[in-house]
Amino acid sequence: MIRYLVSIIVLLLSMQNAIASEEFQISNILKRTADYIRNREVVMTNDMESIIRQNPRKALTSLEVYQKDTSPEVRHFANTMNRKIAETNTDPEIRQTAINRLVTALNDPEPIVWQHAGKDLLSFTSKDFTNDTKAVLHRLLMDESPRRTTVLASGVADMKNELSRLETLLINESKYDPELTVGRWYGTLGWAARLARARMGSQTDIFRCIELTEAESDPVIRITHLLKDIAYIRHPEAIHLLRNYLESDNRLPSVKETTPGTGYSQYAIHFLAESIANFPFKKKYVGGYSYSEIEQARQWMSRTENWSDFIKK
């Protein structure tokens, strides 16, 4: 019996030592990487991938200190790691912790931090946002002029109680005069508010987004920018429009005389791959889908009657 108890104690001590060693390794890798970033040195991506695989919970714990680092580049790095950990895990607690940090980063004073955090949030779904996280978003939305990233994140979080607040931010895009303001209507806070309302199911806004997109005469803007906004909406009407462009054989204007422009279908298949959970192809990059894959995607959309059941929301 004594020998048995000694064996148990030795085993427990070995496990504790292993856990401590793992925590030290994760902390050490993160510290070394943060130092690299501060000194503008090359970051070892293999090390980053290893700490994501080893223990995501401990990685999240070790990352927390870097969320308030004095270096905006280090804070951006920490948020990127949070996003990667969340993307590679199905555990709701892990995902929600990471998303909470990204939402907090929306209020960061540095563009490199809040802009990238906002972009990262768009790849998640409403179930990844807790009530506490939504409360943070609500406070940010109450600013006199909230950031576009905050508005778009509220749409992803499906915060329907904010529909009236978002309505106050809408503009009349058809009367928007770029000579009196900066940029075009699709870069405005009002357009972001319309997209967020559409994401939350406002039929009026869904159809208005589609109408404005189809009315855009510049194919480069319509295909490369506005179709991405349409994909954000994640409702059947938006997916139908993407499907129309998947079926198209049209191409964007050629950048080089000897090279044909990118096909509309390349953008459509890319946005469909990130919007539909059971889509036959994983998201790669625009231009990276073969003709065979595009044909298979077209056939899949034609024969799959219930694809709308798998839209990621």
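Keep in mind the model is a prediction, meaning the values are calculated, not measured. (Residues numbered from 1 in each chain as written. Predicted model: local features only at pLDDT ≥ 70, side-chain atom pairs only at ≥ 80, totals over all residues. Heavy atoms only, no water.)

### Digging into the overall build of the protein
- Regarding its fold elements, the protein presents 15 helices and 0 strands.
- Counting the 313 residues in the protein, one finds 48% classified as buried.
- When contacts within the protein are restricted to residue pairs at least 6 apart in sequence, long-range pairs at least 24 apart make up 61% of them.
- Counting only carbon and sulfur atoms, one obtains 52% of the accessible surface of the protein, whose full area is about 16800 Å². (Helix = DSSP H or I, 4+ residues; strand = E, 2+ residues; numbered from the N terminus. Buried < 20%, exposed > 50% of the residue type's maximum accessible area, 1.4 Å probe, protein only. Contact = heavy atoms within 4.5 Å. Areas by Shrake-Rupley, 256 points an atom, 1.4 Å probe, with all protein chains shown as cover.)

### What about the environment of Asn28?
- Topologically, Asn28 is positioned in helix α1 (residues 2-38).
- For Asn28, a relative accessible area of 33% puts it in the partly exposed group.

### Concerning the side chain of Ser62
- Note on placement: Ser62 falls in helix α3 (residues 56-63).
- What makes Ser62 buried here is its relative accessible area of 17%.
- Of the polar contacts made by the side chain of Ser62, one reaches the side chain of Ser27; its length is 3.5 Å.
- Apart from residues no more than four positions distant in its own chain, Ser62 is found in contact with Ile26, Ser27 and Leu30. (Polar contact = N/O pair within 3.5 Å; in protein donor to acceptor, adjacent residues only side chain to side chain.)

### Things to note about helix α5 (residues 92-105)
- A rise of 1.5 Å per residue sets the reference length of α5, with its 14 residues, at 20 Å; its end C-alpha atoms lie 20 Å apart and thus fit the reference within 8%.
- Listing the buried residues of α5 in full gives Ile94, Arg95, Ala98, Ile99, Arg101, Leu102, Val103 and Ala105.
- Those residues of α5 that are buried are in contact with α3, α4 (72-87), α6 (111-121) and α7 (131-141).
- Where α5 begins, the capping side chain belongs to Asp91, and its oxygen is found 2.9 Å from the backbone nitrogen of Glu93. (Expected span 1.5 Å × (residues − 1).)

### Points about unusual backbone geometry
- Positioned with a positive phi, Asp158 is a non-glycine residue whose angle comes to about 60°.
- Under the relative-accessibility criterion, Asp158 is labelled partly exposed at 30%.
- We note that Arg234 has phi near 60°; this positive angle belongs to a residue other than glycine.
- With respect to the helices and strands, the residue Arg234 is situated in the loop between α12 (219-233) and α13 (236-247).

### With respect to the nonpolar core
- Residues Val151, Ile233 and Phe279 are the most contacted members of the largest nonpolar core, which totals 86 residues.
- Of the residues forming this core, the biggest block, 8 residues, is contributed by α12.
- Not counting the four nearest positions on each side in its chain, Val151 is found in contact with Leu141, Pro146, Leu166, Leu169, Leu189, Ala192, Ala193, Ala196 and Tyr232. (Core = buried A, V, L, I, M, F, W, Y, C linked by side-chain atoms within 4.5 Å.)

### Section: the packing of aromatic side chains
- Under the defined criterion, the tally for this structure stands at 5 aromatic pairs.
- Ring centres 5.9 Å apart and planes at 50° place the aromatic pair Tyr245 and Tyr264 in the tilted group. Of this pair, Tyr245 sits in helix α13 while Tyr264 sits in helix α14 (residues 264-275); the two residues are 19 residues apart in sequence, bridging distant segments of the chain.
- By relative accessible area, Tyr264 is classed as buried at 8%.
- Ring centres of Tyr267 and Phe271 lie 6.5 Å apart, and the angle between their planes is 45°; on these two criteria the pair is classed as tilted. (Phe/Tyr/Trp six-rings, centres within 6.5 Å; stacked < 30°, edge-to-face > 60°.)

### A few points about the pattern of salt bridges
- As enumerated under the stated definition, the model contains 20 salt bridges in all.
- Linking Arg57 and Asp91 is a salt bridge whose minimum nitrogen-to-oxygen distance equals 2.6 Å. Residue Arg57 is located in helix α3, and its partner Asp91 is located in the loop between α4 and α5; the two are separated by 34 residues in the primary sequence.
- Residue Arg57 is classed as partly exposed on the basis of its relative accessible area, which comes to 38%.
- Its relative accessible area of 24% is what places Asp91 among the partly exposed residues.
- Lys284 is the salt-bridge partner of Glu293, the closest N and O atoms lying 3.1 Å from each other.
- Salt bridges sharing common partners tie together Glu173, Arg194, Arg197, Asp205, Arg208 and Glu211. (Salt bridge = Lys/Arg side-chain N within 4 Å of Asp/Glu carboxyl O.)

### Thoughts on the confidence of the model for the protein
- Summary statistics for the protein give a mean pLDDT of 88 and a share of 88% for residues scoring 70 or more.
- Considering each helix and strand of the protein separately, the mean pLDDT is smallest for α1, with a value of 57, and largest for helix α9 (residues 163-167), with 98.
- Low confidence marks residues 1-20, where pLDDT is under 50. Its contacts with residues over four positions away, or in another chain, come to 1 contact. (pLDDT = per-residue confidence, 0-100.)

### Let's talk about the packing of α13 against α14
- Their axes nearest at 7 Å, the elements α13 and α14 cross at an angle of 145°. Crossing angle aside, the handedness with which α13 passes α14 is left-handed. Residue-level inspection shows Ile239, Leu242, Tyr245 and Leu246 of α13 in contact with α14, the latter providing Tyr264, Ser265, Ala268, Ile269, Phe271, Leu272 and Ser275.
- The residue makeup of the contact of α13 with α14, split by class, is 9 nonpolar, 2 polar and no charged. (Axes fitted to C-alpha atoms, helices over the stretch in contact; angles between N-to-C directions. Left-handed = near helix turned anticlockwise from the far one by under 90°. Nonpolar A, V, L, I, M, F, W, Y, C, P; charged D, E, K, R; others polar.)

### A closer look at the side chain of Thr125
- Structurally, the position occupied by Thr125 is in the loop between α6 and α7.
- With a relative accessible area of 14%, Thr125 lands in the buried category.

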